[in-house]
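# Observations on the three-dimensional arrangement
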Amino acid sequence: MTTLTDDIKDSPSVPIRPAARMVAGVKVFGKGETEVLALNGVDAQFAAGQFTAVMGPSGSGKSTMLHCLAGLDRLTSGQVLIGDIDLQSLSDKEMTIMRREHIGFVFQAFNLVPTLTAGENIVLPLTLGGRKPDREWVEGLARALGVEHRLAHRPSELSGGQQQRVSMVRALVTRPDLLFADEPTGNLDSKAANELLVQIRGAVDDYNQSVVMVTHDARAASFADRVLFLVDGSVVRELNYPTTDSILDAIRELEE
Amino acid sequence: MWRITLKGVFAHKLRYALTALAVILGVSFMAGTLVLTDTIGRTFDGLFTDIYHSTDAVVRGQQSFNPSGAFIDQRPLISATLAAKVRDVPGVRAVGLVISGYAQLVARDGKPIGNPASGPPTIGEAWVNEPALNPLRLLAGGHAPRAANDVVIDKRSASVGHYAVGDRVTVLSKLAPAAYVISGIATWGSVDSPLGATITVFTPATAARVLGTPGMVNEIDVAGVSGVDQDQLVARIDAALRGSRVEVVSGLSITQQGQKTVHDALGFFNTFLLIFALIALFVGSFLIFNTFTIIVAQRIRELALLRAVGASRRQVTGSVLGEALCIGLFASAIGLAVGVGLAAGLKAGLKALGIDIPASGLVVAPRTIVVAIAVGTLVTMVSAFLPARRAARVPPVAAMQDVIVEPQSPSSTRALVGVLVGVAGVAALLVGLFTKVAGRMGFVGGGAAVTFLSIAILGPLIARPVSRLIGSPMAWRSVTGKLAQENAVRNPARTSSTAAALMIGVALVTLMTIVASSTKASINTIIDSSMRADYVVSSGDVTGVTGGLSPSLQRQLSQLPQVATALGIRSGIVQINGATTTVKAANPRGILDLFNIGLEKGDVASMGPHDIAVSSQVATGRHLSLGSTVSVTFSSTGRRLFTVRAIYRTREVAGDYFLPLAAAQANFTQQLDVQDYVQLAPGVSATVGRRAIDAVLASYPTATLLDQAQYKQQQFKQIDQVLNLVYGLLALAVLIALIGIANTLALSTYERTRELGLLRAVGMTRGQLRASVRKESLIISLLGSAEGLIVGSLFGWAMVRALGSQGITELVFPVGQLLIVAALAGVAGIVAALGPGRRAARIDVLRAIAAE
């Protein structure tokens, strides 16, 4: 398999500012007795060109943080900045366009519209925006991720690994400021998971893609440049240049 | 199991809401019809009981046959002298001489009060001095008619025409229009006028001259001494009058006869409306079928779990059918209540139109309740049966697996079954249309329903390619269109049964439109080819039974120097060769000047009072030639023999049999002209001629002067009125079909929550999402209307061909109108998508992608 470097030499210039920031992020679900504080004043920065993993136990708020950062949900209070745009100030339509043009997603499952072919799924953010896909760019990405021969197939005809790689192509096709991945390897076997993580790492190294990935898998997190640990809605620890072992140690320490 | 069933209904109440609505609409239409007709029926029962309240016996002329469909009995008059003999019969307390006929009041502005052609009858009567036999009650300040030019009028006409006692009023009758003095105003029992009729009451002598024949009466009403047995009284009177051509009936049986006549007429009305209620329920059954199919598919895991923990197949089927039972009962009960409300509204509406139904309450018969609940529930359960069976086939293992609810590809069995059902349906339809088998209408209706079912069965086979084709212009360079197209074809069975519901409505609209256009074109052709007259004078009443034009009008028109020929046409109901038919009659001398009847043999102008002309079709069918004898039975004068003197081709103008005026005068009960035809004298311009005719018509306010173009327009207008009525009644079926589209879209988008969330996440705006749902709806509705246009065109073609012998000789496909129908269906489809589209757009992105 080729790496992204071969095809994406002339990638666009790298943003210098932090790609995204959360300032005093608070998110409350429910009301009254059922009230749950999912994010309890989170401050976090995500540097451009950096691969950040977010870890934490179930209910720690890691997915909520990702959703708020990605413009899929709104904070109860605080700020989310993508570049210098404050997501809190955007209308639903502006937020939608924001997601479409500046943000890429890979979810754990159900990433692709079943009625559209892989190729149509890939260019979906462009066609929704009324833009014409750059064919060379799309084909280059598809080749880099090894799905160039599967573009005419429907998602139901693809393996789980292929589906996730098609989703990666879709997420990268708009040259997003940020790529968000929510347990992207959660449904994959270890071989397919490894391949996908190598591809994400490649996008960061070779193309300066900023990536934020939520995972509970220490091995997956070890591909990142930095790991944030969340517990009860707060960032409790940060680990730079992690390895699987250092991550597992950190988790053990946090659990004590 | 029942608890699970009930919980199932409540858990999915929103998803069942539109299903229930469809049942409610259909059932309420049905219940409303039954309640309204029952209410009208009871009102008439009351009216007849009131009229004959003190009447113990009635003496009237014998009728040779009962002209079915005619509200007013056509009986020969009887001699007034019989009254003296009746009065002498022991047990008779009083007799009343009844004379009635056509009389029409004219309001101060010169316009007629009431129009028998489109509303309640306009009746003239003789005043009956015996109060027990006279339902009229004079208001204070007036008196019964005494002078020859006195009249009493009903209170409603007095208030409509702003008349008071002492005013002069013009009355139209078979004689020339004349002025009378209002001597009194009366109520009819307790109501201002029975059902809005206008009633003019003359002295007996005037009535005999104006309405009937001097010395003759329509019937003699008899009041017996108190305690007399009606049957004994009838027997005694009968004995006293032996030898006269009369019949004597008891007050009770005449009440029942009157009631029966009304109930028979209401029966037609009832059946007519119930047909549309059934169409609505038939369309609704598609919606119910869809809902259950979709819900069963969505609950596949739940059903598998039930099976896994030990529910039998029968129990699973039972649980789904149980839900159908709950919904059916619930919706039918609401539908019944809405129907009663609807009937109350219609009753009020009729009152606003001047047709007051004085019955105090609505009649909700036990039959109405049983039928409404049973039909609504049964339709729901039958429609849910197949989905319930499918639910039972869910394997228990499905609870543990990710079952992909991919639609199975259409099978060849389906194609075979669909084609066989279709052939059966079309065969039944053609048998009904083109043969004379008993119960033809049943064959036509059943055949059409079965044909619709066959299209619904075959639908999934064509839904995929056709929806793709319809969707392709939308999908071109539009991702929302592309998604809509893909969604429409992803489950062809669902798309096609949703479209099929709309197909039914569109097909029936198409059928009616084609039949109406063809009828208009045929009328156009006939008038162009056969009518030589410059003008038609029409009273609006084409039957000649309840009203018409005074023959004096024809005489006045003939005398105008500007007029070459003026001809009055009469119409009567007779029996020929065992069949009851309407025959026309006119002065034979004018006919060929005014009409091209395609004379083949013989001569019309020389026809005498005992001659008849027949159409070439009848002549061939009955082997008649010039000089043959034809027997005609008149309801009042009985059997008469006529000699064939002419044979003509154009039966659309003259009908199958045509009598000379003299025969009509001798045998018809109604001596009014239905229409007058006028030919201007040579050299008289239309303006001059029209002015001269209008001057005569000024004293005949019911008469309208029409040239050929206007005459056509008048005929077209009548067709359009019927067409609009049917459109209005079909609107309910179309509405239910649109609810069906909204229902399918709502359930489908619910099913696609995650997919929609994903689309929203990767950048689809709410507007785009709505557009996508809208386009999907458009594809479904265009599929339905395309099917409907094709099926409806075939039905229309068959129907027009079948009506060829009824004078519909032209077949017209009104392409423009049919395209408008298709466009309207498309617009309606877009409207149907509004609700589901809005709901889909409101889907919370997070909930959707976080699900499971």
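Rules used throughout
Residues numbered from 1 in each chain as written. Chains lettered and ligands numbered in written order. Predicted model: local features only at pLDDT ≥ 70, side-chain atom pairs only at ≥ 80, totals over all residues. Heavy atoms only, no water. Helix = DSSP H or I, 4+ residues; strand = E, 2+ residues; numbered from the N terminus. Buried < 20%, exposed > 50% of the residue type's maximum accessible area, 1.4 Å probe, protein only. Contact = heavy atoms within 4.5 Å. Areas by Shrake-Rupley, 256 points an atom, 1.4 Å probe, with all protein chains shown as cover. Lys, Arg positive; Asp, Glu negative; His and termini not counted. Charge placed at Lys NZ, Arg CZ, Asp CG, Glu CD. pLDDT = per-residue confidence, 0-100. Domains from an automatic or database assignment. Buried area = accessible area lost by both parts, 1.4 Å probe. Salt bridge = Lys/Arg side-chain N within 4 Å of Asp/Glu carboxyl O. Core = buried A, V, L, I, M, F, W, Y, C linked by side-chain atoms within 4.5 Å. Pairing = 2+ DSSP bridges. Axes fitted to C-alpha atoms, helices over the stretch in contact; angles between N-to-C directions. Polar contact = N/O pair within 3.5 Å; in protein donor to acceptor, adjacent residues only side chain to side chain. Patch = residues over 30% accessible without salt bridge, like charges linked within 9 Å, V, L, I, M, F, W, Y side chains within 5 Å.

### Re the overall build of chain B
Each helix and strand in chain B was counted, giving 26 helices and 24 strands. With the principal axes as the frame, chain B shows a C-alpha extent of 95 × 70 × 50 Å. Across the 852 residues in chain B, those meeting the buried criterion constitute 53%. Partitioning the contacts of chain B with sequence separation of at least 6, the portion at a separation of at least 24 is 81%. Accessible surface computed for chain B: about 35,800 Å², of which carbon and sulfur atoms make up 61%. Distance from the positive charge centre (72 side chains) to the negative charge centre (47 side chains) of chain B: 10 Å.

### Brief notes about the confidence of the model for chain A
For chain A, mean pLDDT is 86; residues scoring 70 or higher make up 93% of the total. Ignoring residues within four places in sequence, the model shows residues 1–16 of chain A, a span with pLDDT below 50, making 28 contacts including any to other chains.

### Examining the domain arrangement of chain B
All names here are of chain B. Assigned domains within chain B: domain 1 (100–211), domain 2 (462–532 + 710–852) and domain 3 (540–702). Just the C-alpha atoms count here: the centres of domain 2 and domain 3 sit 47 Å apart. Counting the surface lost from both domain 2 and domain 3, the interface buries some 1,000 Å², and carbon and sulfur atoms represent 42% of this. For the pair domain 2 and domain 3, the interface holds zero salt bridges.

### Thoughts on the pattern of salt bridges
A full pass over the atoms with the stated rule returns 34 salt bridges over all chains. As a salt-bridge pair, Arg226 of chain A and Glu238 of chain A come within 2.9 Å of each other at their nearest N and O atoms. With a gap of twelve residues between them, Arg226 of chain A in strand E9 (residues 226–231) and Glu238 of chain A in strand E10 (residues 234–240) connect regions that are remote in the sequence. You can call Arg226 of chain A buried: its relative accessible area is 7%. Residues Lys260 of chain B and Asp264 of chain B are paired through a salt bridge, measuring 2.9 Å at the closest nitrogen-oxygen approach. Of this pair, Lys260 of chain B and Asp264 of chain B both sit in helix H7 (residues 251–298), separated by four residues, roughly a single helical turn. One salt-bridge network, held together by shared partners, links Glu120 and Arg154 of chain A together with Arg468, Lys482 and Glu486 of chain B.

### Remarks on the nonpolar core
Counting residues in each nonpolar core, the largest one holds 140 residues, and the members touching the most others are Met22 and Met65 of chain A together with Phe452 of chain B. Look past the residues within four positions of Met65 of chain A in its chain and what remains in contact with it is Met22, Leu39, Val42, Ala44, Phe46, Val54, Leu228 and Leu230 of chain A. Among the nonpolar cores identified, the runner-up in size contains 45 residues, and Ala53, Ala181, Met213 and Ala250 of chain A belong to it.

### Topic: the sheet that holds E9 of chain A
Residues and elements named next belong to chain A. Ordered in space as E6-E7-E8-E3-E9-E10, the six strands form an open sheet in which the pairing is mixed. In this open sheet, the two strands that pair with only one neighbour each are strand E6 (103–106) and E10. The average undirected angle you get between the axes of adjacent strands in this sheet is 20°. When E6 meets strand E7 (residues 178–182), the two strands line up parallel, connected through four bridges. Along E7, the bridge assignment pairs Phe105 with Phe180.

### Re the side chain of Thr19 of chain B
Residues and elements named next belong to chain B. Tracing the backbone through its elements, the reader meets Thr19 in helix H2 (residues 13–51). Residue class for Thr19 comes out buried when judged on its relative accessible area of 0%. With sequence-adjacent residues up to four places away left out, Thr19 is seen in contact with Leu287, Ile288, Thr291 and Asn743.

### Structural notes on the sheet that holds strand E1 (residues 57–61) of chain B
Residues and elements named next belong to chain B. Spatial ordering of the open sheet is given by E3-E13-E1-E14, a layout of four strands whose pairing is antiparallel. Here the strands that pair on one side only, and so sit at the sheet edges, are strand E3 (92–98) and strand E14 (246–250). Pairs of neighbouring strands in the sheet enclose a mean axial angle of 20°, with direction left out of account. Here E3 pairs with strand E13 (residues 219–224) via six bridges, running antiparallel.

### Some points on the interface of chain A and chain B
Of the residues lining the interface, 25 residues belong to chain A; the matching set on chain B comes to 21 residues. The contact between chain A and chain B buries some 2,100 Å² in all, and 67% of this surface belongs to carbon and sulfur atoms. Three residues, Phe110, Thr115 and Leu128 of chain A, lead the burial of chain A against chain B; their summed loss comes to 28% of the area buried on that side. Taking the shortest distance from any N to any O, the salt bridge between Glu486 of chain B and Arg154 of chain A comes out at 3.2 Å. Counting the contacts that link chain A with chain B gives nine residue pairs in polar contact (both at pLDDT 80 or more). When residues of the side of chain A that touches chain B are traced back to their parent elements, those giving at least two are helix H3 (92–102) and helix H5 (124–128) of chain A.

### Observations concerning a nonpolar patch on the surface
All names here are of chain B. A cluster of nonpolar residues, Trp797, Phe813, Val815 and Leu819, forms a patch on the protein surface that exposes about 410 Å² of accessible area. Following the sequence through the fold, Phe813 ends up in the loop between helix H23 (766–802) and helix H24 (815–832). The exposure class of Phe813 is partly exposed, given its relative accessible area of 37%.

### Describing a positive patch on the surface
Residue and element names in this part refer to chain B. Positive charge collects at one region of the surface, where Arg770, Arg774, Arg838, Arg839 and Arg842 lie side by side. Every element with two or more residues in the positive patch is listed here: H23 and helix H25 (834–841). Considering the arrangement of structural elements, one finds Arg774 in helix H23.

### A look at the environment of Leu325 of chain B
All names here are of chain B. Tracing the sequence through the fold places Leu325 in helix H9 (residues 313–352). Classification of Leu325 by relative accessible area gives partly exposed; the value is 25%. Remark: the alpha-carbon pair of Leu325 and Ala456, spanning 131 residues in sequence, is separated by 24 Å.

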